[in-house]
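Descriptive analysis of the structure
Below, each chain spelled out in residue letters.
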Amino acid sequence: MKSRKKRAVRMMAIRSEIASLLLKKKRILLLCHVTPDGDCIGSLLALGRALKRLDKEVIMACEDDIPSFLKFLPQEGELIKTEDVTQSFDIAIAIDSADSNRLGDKGLELFKTQDLTINIDHHSSNPNYGAINYVDPKRSATGEIIMDLILDLGLKLDEKLSEPLYTALFTDTGGFRFSNTTAQTLEKAAKLVKAGANPAFISSEIHEHKSPGYFKLLALAFNRITLVEKICYTWISFKEVEDLGLDFGAAEELSTYMKMMANIEIAIVFKEKEKNLVKVSLRSQSSYNVATLAEKFGGGGHPKAAGCVIEAPLNTAINQVLAKAKEVS
Ligand SMILES: [Mn+2]
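This is a predicted model, so every value here is computed, not measured.

What counts, and at which threshold
- Residues numbered from 1 in each chain as written.
- Predicted model: local features only at pLDDT ≥ 70, side-chain atom pairs only at ≥ 80, totals over all residues.
- Heavy atoms only, no water.
- Helix = DSSP H or I, 4+ residues; strand = E, 2+ residues; numbered from the N terminus.
- Rg over C-alpha atoms; globule rule 2.2 N^0.38 Å.
- Buried < 20%, exposed > 50% of the residue type's maximum accessible area, 1.4 Å probe, protein only.
- Contact = heavy atoms within 4.5 Å.
- Core = buried A, V, L, I, M, F, W, Y, C linked by side-chain atoms within 4.5 Å.
- Salt bridge = Lys/Arg side-chain N within 4 Å of Asp/Glu carboxyl O.
- Pairing = 2+ DSSP bridges.
- Axes fitted to C-alpha atoms, helices over the stretch in contact; angles between N-to-C directions.

So, on to the overall build of the protein chain. The number of helices and strands found in the protein chain is twelve helices and twelve strands. What you see for the protein chain is a C-alpha radius of gyration of 19 Å, in line with the 20 Å of a compact globule of 329 residues. Its C-alpha atoms give the protein chain principal-axis dimensions of roughly 55 × 50 × 40 Å. Burial statistics for the protein chain: of 329 residues in total, 53% are counted as buried. Put simply, 66% of the contacts in the protein chain that link residues at least 6 apart link residues at least 24 apart.

Another aspect to go through is the nonpolar core. Membership of the largest hydrophobic core comes to 52 residues, with the highest contact counts inside it found for Leu30, Leu47 and Ile93. Tallying contributions element by element places helix H2 (residues 38-53) first for this core, with eight residues. Residue contacts for leucine 47: discarding those within four places in its chain leaves Leu30, Ile93, Ile95, Ile146, Leu149, Ile150 and Leu153.

Before going further, it helps to examine the pattern of salt bridges. With the rule as written, the count across this model stands at 17 salt bridges. For the salt bridge of aspartate 136 with arginine 7, the shortest nitrogen-to-oxygen distance reads 2.9 Å. In this pair, aspartate 136 sits in the loop between strand E6 (132-135) and helix H4 (142-152) while arginine 7 sits in helix H1 (residues 2-24), placing the two residues 129 residues apart along the sequence. For arginine 7, a relative accessible area of 23% puts it in the partly exposed group. Across the salt bridge formed by glutamate 252 and lysine 271, the nearest N and O atoms sit 3.7 Å from each other. Taken together, the residues span a long stretch of sequence, with glutamate 252 in the loop between helix H9 (238-243) and helix H10 (254-258) and lysine 271 in strand E9 (residues 266-274) at a distance of 19 residues.

Moving on: the sheet that holds strand E11 (residues 300-301). Spatial strand order, E7-E8-E9-E10-E12-E11: six strands in an open sheet with mixed pairing. Whereas interior strands pair on both sides, the edge strands pair on one side only; in this sheet they are strand E7 (226-228) and E11. Pairing of E7 with strand E8 (residues 231-236) involves three bridges; the strand directions are antiparallel. Across the sheet, residue valine 228 finds its bridge partner in E8, namely isoleucine 231. Contacting E8, E9, strand E10 (277-284) and strand E12 (305-310), helix H12 (residues 314-325) crosses the sheet at an angle of about 155° to E9.

Dropping the structure here:
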């Protein structure tokens, strides 16, 4: 209990240090990770909008395109590509990025070359790569930390801030279903709804705008689900994604569906991004720690949800992960 209290005090001290730096400095760069998700885009937009209200010069940048299910969040031109960032900043903040490499090539270069770097995240595998690090694995989403930070900055939550924050919490908890959902998460979600976030609208934007191709892709993947002992896996090739007119970020929740299968330990989705580049999504249904497995391939994440990228043909990647999966438990 004592050490838990000490930790909470230390975390609060780091947060207020970050808040006072943000109040002092003028030019701030916010960066999210590659293949951005609802937590990083939502956190980025909420913090960026908050800082603009404090008359800061804010640039919000992402290495990759925003996936279609999150296009309802940013306003036109609000979020730019890292390759279009030309100015320099007093502070660069990495948001929700478990590792500095997750910022992308250009993102990492931008991050490293600014005066002060801050790393705000909730992945336990985060190696504290910033000059200042606020990494709290007890939070369901980075959005929880950003919400506290915005309140520390003395701002009031309204619809423009609460919509992206609610999206962050909602997506990283799988709609408040995953084991990372805590009383604190739900209390925060309730505050966000009171401040103007519309749960039905946000949920519908995220889940109910699927193209016919999306269902065809799921059908392909479901059809070839394979069970090896308590491991359930499937795969998708980049050609299939392309032929259905989808982008790489499509069917991201495939691993969540797979996890619904009874009596499995882990679910794995192998998704080929391009030739010889495979994104691996790992989900645990048990005490099996998938972050440990992901780390063996240079990836990371949470004990029950993790991922890695393997440079190899699809078949080789599958065999490598299955072989290692049996060593971890
Ligand atoms: Mn997250």
